[in-house]
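Geometric and topological summary
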Amino acid sequence: MSSATGGDRGLESSLEASISSTCSYGSTRARIFKIIVIGDSNVGKTCLTYRFCTSYFPERTEATIGVDFRERCVDIDGERIKVMMSA
């Protein structure tokens, strides 16, 4: 799949993407939502979670062996929510 933003960032590991999107909560209490994306092989589960967490599609991907973990923090109506995704 090609990048939606047109940038040539190449293939980042899941760990790099997760670290860059990690946020600190301090004393603010946050809700945590854990989402598991399931489906057949080669349908784009990893690309979907990557897009949600980094705001662009990866230039190229390899088959995911095992589980791919990602997380992102979002603010909805002034409430901080941590979304943890696995595919």
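Residues numbered from 1 in each chain as written. Predicted model: local features only at pLDDT ≥ 70, side-chain atom pairs only at ≥ 80, totals over all residues. Heavy atoms only, no water.

**Points about unusual backbone geometry**
Even without a glycine there, the phi angle at S55 is positive, about 75°. Mapped onto the fold, S55 is located in the loop between helix 2 (45-54) and strand 2 (69-76). (Helix = DSSP H or I, 4+ residues; strand = E, 2+ residues; numbered from the N terminus.)

**Brief notes about the sheet that holds strand 1 (residues 31-36)**
Strands sit in the order 1-3-2 across an open sheet of three strands; the sheet is mixed. Two strands in the sheet have a free side with no partner beyond their single neighbour: strand 1 and strand 2. Ignoring strand direction, the axes of neighbouring strands in this sheet form an average angle of 20°. Taken together, the eight bridges between strand 2 and strand 3 (residues 79-86) define a ladder with antiparallel strand orientation. Residue pairing in the sheet places V74 in a bridge with I81 of strand 3. Helix-sheet contacts for helix 2 involve strand 2 and strand 3, and the interaxial angle to strand 2 is about 40°. (Pairing = 2+ DSSP bridges. Axes fitted to C-alpha atoms, helices over the stretch in contact; angles between N-to-C directions. Contact = heavy atoms within 4.5 Å.)

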